[in-house]
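Analysis of the macromolecular model
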Amino acid sequence: MRIVDVNVRVFNYTSTIIRDDEGHTHPGEEHDARSQLLTVVCDDGSEGYSFGPVGHAVVNSFIKPLVVGEDPYFREKIWQHLVHNQRGSGGTLNDRVLATFELALWDLAGRKLGLPVFKLLGAFRDKVPAYGSTTCGDEMKGGLSTPEDYARFAEWLVKRGYKSIKLHTWMPPIKWAPDPKMDVKACAAVREAVGPDIACTLDCYHAYSREDAYYIGRELEKLNYYWLEEPMDEHSTSSYTWLAEQLDIPILGPESAEGKAQTRAEWIVQKASDMTRTGVMDVGGIIPSMKIVHLAESHGISCEIHSPGGGNLHVLGAMAIPGKWYERGLLHPFTDYEVPPPWLNRIIDPMDKDGFVPVPQGPGLGYDINFAYINGNLVKEK
Ligand code: MG
């Protein structure tokens, strides 16, 4: 079996999620938006699919010339080849594009063999507990504009079944944000609302100073929070080493720092975090995520997985170490996470009343794709 084509379908849909000037998502007015479906095609007619931020140009210029003619089961060889060509791509073949293509290879193999991806990887569990991950704070009445709003929403999340909640608090472009005291107030209000048995965590401003991060960490220790995530710029590894040394609460990271498994290895060696982190779109796919999981396992530390989605669910289904939670979100009082987007017939991550999400059991990544919708809403290539 050989790869004969890679193509992208760009399609329109109506979105009610807006991005602010800093890239954070919030509920908003209906507007036109676009999404992309990447397809890998083989000479026997087999196909694999993946959704992600990839356009025609990078596929035609960098991916297709490197992968057409290859055996799609040689995932490690293909992935390494693409990684070595990232440098010459002028930034277009970034880790998110790489991940989108790599996920389609896993989907293709699973569909061809009739197995879900986590069983190809070596399964460990078939359901994972989820945490409810909120959007960043806002200034919407009844939204997430006050600590009391967070508390009320947290109560609802616990009723829905979540055993863990993660707050994203207020960030720019909100004029008064970030504010460490407000972050702590929101965390205190949530702890008060949900009681002592819910695992609560905070992902706050990504560029706080050491002093602000230290203050927040000490306050969260008093509130028995489970981890503190990305309070400072992750390019300063030594700042994280300093913070992890000072605090008792576990520091989780890196999430957004470039460098795939090598960066995680450096953070472990430099004791820059207590728990490491990967997400398939952050590091270039499932292959590097499993390298990071095994790196963490070998060092005896936890690895928590960033972001929702099928690829991350399969990584979670194949990992044996602590690193337990699936990030379900982002959630907000004004949005309904349970409704699938129009290009899917059902969501990939339904959650039961006890807060568990099953690892998809269908072949490949397990997405139930609405091809009729996608093909009926294609954006014509200019
Ligand atoms: Mg985060």
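Residues numbered from 1 in each chain as written. Predicted model: local features only at pLDDT ≥ 70, side-chain atom pairs only at ≥ 80, totals over all residues. Heavy atoms only, no water.

Another point: the overall build of the chain. The number of helices and strands found in the chain is 13 helices and 12 strands. In terms of C-alpha radius of gyration, the chain reaches 21 Å, essentially the compact-globule figure of 21 Å for 382 residues. Within the chain, residue pairs in contact and separated by at least 24 positions form 69% of the contacts whose partners lie at least 6 positions apart. Here the chain displays about 16300 Å² of accessible surface, and carbon together with sulfur accounts for 52% of that area. (Helix = DSSP H or I, 4+ residues; strand = E, 2+ residues; numbered from the N terminus. Rg over C-alpha atoms; globule rule 2.2 N^0.38 Å. Contact = heavy atoms within 4.5 Å. Areas by Shrake-Rupley, 256 points an atom, 1.4 Å probe, with all protein chains shown as cover.)

Let us now look at the domain arrangement of the chain. Structurally, the chain comprises domain 1 (3–114 + 371–376) and domain 2 (119–358). On a C-alpha basis, the centroid separation for the pair domain 1 and domain 2 is 25 Å. Summed over both partners, the interface of domain 1 with domain 2 comes to about 2400 Å²; 73% of that surface belongs to carbon and sulfur atoms. Seen at the junction of domain 1 and domain 2, the total is three salt bridges. With a closest N to O distance of 2.8 Å, Lys291 and Glu76 form a salt bridge. Where domain 1 touches domain 2, the interface holds six residue pairs in polar contact (both at pLDDT 80 or more). The set of elements that each furnish at least two residues to the side of domain 1 that touches domain 2 consists of β1 (3–19), β2 (25–42), α2 (75–84), α3 (95–113) and α13 (371–376). (Domains from an automatic or database assignment. Buried area = accessible area lost by both parts, 1.4 Å probe. Salt bridge = Lys/Arg side-chain N within 4 Å of Asp/Glu carboxyl O. Polar contact = N/O pair within 3.5 Å; in protein donor to acceptor, adjacent residues only side chain to side chain.)

This part covers the packing of aromatic side chains. By the definition in use, this model includes 14 aromatic pairs. Taken together, a centroid distance of 4.8 Å and an interplanar angle of 70° make the contact between Tyr13 and Trp343 edge-to-face. Of this pair, Tyr13 sits in strand β1 while Trp343 sits in the loop between β11 (326–331) and β12 (356–358), and the two are 330 residues apart along the sequence. Side by side, Tyr13 and Trp343 carry an identical accessibility label, which is buried. One aromatic cluster is present, built from ring pairs that chain together Phe11, Tyr13, Phe51, Trp343, Tyr367 and Tyr373. Over the ring of Trp106 we find Arg75; its NZ or CZ atom is 3.8 Å from the centre of that ring. Positioned above the aromatic ring of Tyr215, the side-chain terminus of Lys181 is 5.8 Å from the ring centre. (Phe/Tyr/Trp six-rings, centres within 6.5 Å; stacked < 30°, edge-to-face > 60°. Buried < 20%, exposed > 50% of the residue type's maximum accessible area, 1.4 Å probe, protein only. Lys NZ or Arg CZ within 6 Å of the ring centre and 35° of its normal.)

In the sheet, β1 pairs with β2 via 15 bridges, with the strands oriented antiparallel. Within the sheet, the bridge partner assigned to Val6 lies in β2 and is Val40. Hairpin connection from β1 to β2: five residues lie between these consecutive antiparallel strands, with Gly23 at a positive phi of about 95°. By the bridge criterion, five bridges tie β2 to strand β3 (residues 47–51) in an arrangement that is antiparallel. From the neighbouring strand, Val40 faces β3, where its bridge partner is Gly48. (Pairing = 2+ DSSP bridges.)

To continue, consider the environment of Leu93. For Leu93, the position within the fold is in the loop between α2 and α3. Judged by relative accessible area, which is 2%, Leu93 ranks as buried. Along the primary structure Leu93 and Val59 are separated by 34 residues, whereas in three dimensions their C-alpha atoms are 8.7 Å apart. Ignoring sequence-local partners within four residues, the contact set of Leu93 consists of Val58, Phe62, Ile63, Leu82, Asn85, Gln86 and Leu98.

Turning our attention to the pattern of salt bridges. Across all of its chains, the model carries 21 salt bridges by this definition. Here Lys166 and Glu327 are joined by a salt bridge, their closest N and O atoms 3.0 Å apart. Taken together, the residues Lys166 in strand β5 (residues 164–168) and Glu327 in strand β11 connect sequence positions 161 residues apart. For the pair Lys166 and Glu327, one class covers both residues: buried.

The subject of this paragraph is the sheet that holds β2. The strand order across the open sheet formed by three strands is β1-β2-β3, and the pairing between neighbours is antiparallel. With partners counted over all chains shown, the strands left at the sheet margins are β1 and β3, one partner each. Ignoring strand direction, the axes of neighbouring strands in this sheet form an average angle of 15°. Running over the sheet, α3 touches β1, β2 and β3 and is turned about 140° from β3. (Axes fitted to C-alpha atoms, helices over the stretch in contact; angles between N-to-C directions.)

Let us now look at the packing of α3 against helix α11 (residues 286–299). Running from N to C, α3 and α11 point in directions that differ by 90°, and their axes come no closer than 8 Å. One finds that α3 runs roughly perpendicular with respect to α11. Here Glu102, Leu103 and Trp106 of α3 come into contact with α11, specifically with Ile286, Ile287 and Pro288. In the contact of α3 with α11, the residues fall into five nonpolar, no polar and one charged. (Parallel < 35°, antiparallel > 145°, perpendicular 65-115°, else oblique. Nonpolar A, V, L, I, M, F, W, Y, C, P; charged D, E, K, R; others polar.)

Here α3 spans 27 Å end to end across 19 residues, near enough to the 27 Å set by a 1.5 Å rise per residue. Taking burial as the measure, the 19 residues of α3 include 15 buried ones, the bulk of the element. The backbone nitrogen of Arg96 has a side-chain oxygen 3.0 Å away, supplied by the residue at the start of α3, namely Asn94. Taken from the residues just after α3, Gly114 is the one with a positive phi, measuring 70°. (Expected span 1.5 Å × (residues − 1).)

For the rest of this paragraph, the subject is a nonpolar patch on the surface. The grouping of Tyr73, Phe74, Leu113 and Leu115 at the surface amounts to a nonpolar patch, some 360 Å² of accessible area in total. By secondary structure assignment, the location of Leu115 is in the loop between α3 and α4 (117–121). (Patch = residues over 30% accessible without salt bridge, like charges linked within 9 Å, V, L, I, M, F, W, Y side chains within 5 Å.)

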